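# Architecture at a glance
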Amino acid sequence: MTGTVSDPDALRQRALAALLAARERTSLLTTCVEEPELTAQHSPLMSPLVWDLAHIGNQEELWLLRAVAGRDAMRPEIDGLYDAFEHPRSERPSLPLLAPAEARGYAAEVRGRALDVLQSTPFRGSPLADAGFAFGMIAQHEQQHDETMLITHQLRSGPTALTAPDPEPGPRFTGPSEVLVPGGPFTMGTSTEPWALDNERPAHHRLVPPFFIDTTPVTNADYQRFIADGGYTDQRWWAPAGWDMVRGNELSAPLFWRREGGQWLRRHFGTVEAVPPDEPVLHVSWYEADAYARWAGRRLPSEEEWEKAARHDPASDRSMRYPWGDTDPTPERANLGQRHLRPAPAGSYPAGESPLGVRQLIGDVWEWTSSDFLPYPGFSAFPYREYSDVFFGGDYKVLRGGAFSVDEVACRGTFRNWDHPVRRQIFSGFRTARDAGPAETA
Ligand SMILES: [Fe+2]
């Protein structure tokens, strides 16, 4: 949503469209499998799909019906079941969860009431109501769980009824492999984006020395060279905890890959395919991204470097909402919204490139950065500490830019995602960077 919408009718339309789009996707993700698949746990890392479904409804009830509209709890006895902090994912299958039909009915009833609230809300008078923040937050929350459910579908064994056309193949990218981002200050984060979350705030200045960053994400072909060069068996490239992870789990390739008949294959949403060489690499942990970068004589970009490459316009010396400017994403600019079930080949989307020519910063694959997830100067937790505050520290690494699995409502140039550095089931890839020497910046 653009930062300038303040007309209540326009806000209402935006919020309505975002909520409807999220529910359409939730329906798709929970009707494309048989009912027993909804209640099964497909990985200890994930909830049963039916938990996500009722949790989506429960959070909507908490924030839109109770917090914004002051309503009483519809079913207070289920709140604890769907509190993500009360029960870790591994425990959720053993809880007395609502059955699929009941979960659907509950989420639909909450939604009906929430749309009534939306019709009468004044969009002002409290931080939750201002600019429809609570509605934007809930639409983002549902889309984020939709992404989580898509990960569950990728982890499931067996076929899936999920389909989507592949990205249109464009002309092969022939541009430079890296670009120089000049040194100097830039504005990181936002104080004006109305639906930005607490961890993206406030806008503040950062001084970033000059650096080079890859024009595109690292591809499967690039990554295969690292594997073929013995990358997984050479301790030199690995952070100590990453080396322990590789040895302890006998890792030799990204998650879902296997070697057969002299070629790399991968399981991708229920089918096995040859690993596509031109696609950005997917399903690598932070440790693998970090090791690849070291092997390549480079490093991961820091979070501030990534954001400067994605948002700073040297001509106007200001930070934009997206690499291409301030307008919302379009299918020509970025691979978002589960429109496709895979990233587009590296170098795609010339219309979405940054002023310096960096491509695919938004969409395609989440990009690991070298940075720990930390608060910005002046951070203030909103609307509750468990949103971001309790995750700050050294346990999580920041990922940026969204992926094909991310809806545009939950993807901005300022948006921050975080996860443990060992995680590989997420739609994660990376690009690399290097310091610029004095001679190169002259
Ligand atoms: Fe949640």
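Residues numbered from 1 in each chain as written. Predicted model: local features only at pLDDT ≥ 70, side-chain atom pairs only at ≥ 80, totals over all residues. Heavy atoms only, no water.

## Topic: the nonpolar core
In this structure, Y223, W238 and F430 are the most contacted members of the largest nonpolar core, which totals 107 residues. Per element, the largest residue contribution to this core is ten residues, and it comes from helix α5 (residues 133–155). For this core, the two domains that each supply at least three residues are domain 1 (8–155) and domain 2 (164–442). (Core = buried A, V, L, I, M, F, W, Y, C linked by side-chain atoms within 4.5 Å. Buried < 20%, exposed > 50% of the residue type's maximum accessible area, 1.4 Å probe, protein only. Helix = DSSP H or I, 4+ residues; strand = E, 2+ residues; numbered from the N terminus. Domains from an automatic or database assignment.)

## Remarks on the domain arrangement of the protein chain
By domain assignment, the protein chain separates into domain 1 (8–155) and domain 2 (164–442). A separation of 27 Å is found between the C-alpha centroids of domain 1 and domain 2. The interface is formed by 28 residues belonging to domain 1 together with 32 residues belonging to domain 2. Buried area between domain 1 and domain 2, summed over both chains or domains, comes out near 2600 Å², and the portion from carbon and sulfur atoms is 65%. Taken together, the links from domain 1 to domain 2 amount to one salt bridge. The closest approach of N and O atoms between R14 and D328, which form a salt bridge, is 3.0 Å. Here domain 1 and domain 2 share twelve residue pairs in polar contact (both at pLDDT 80 or more) between them. (Contact = heavy atoms within 4.5 Å. Buried area = accessible area lost by both parts, 1.4 Å probe. Salt bridge = Lys/Arg side-chain N within 4 Å of Asp/Glu carboxyl O. Polar contact = N/O pair within 3.5 Å; in protein donor to acceptor, adjacent residues only side chain to side chain.)

## As for the side chain of E279
Structurally, the position occupied by E279 is in the loop between β7 (271–274) and α8 (286–295). Note on E279: relative accessible area 5%, which makes it buried. What E279 contacts, discounting residues up to four positions off in sequence, is V218, T219, N220, R266, R342, P343 and P345.

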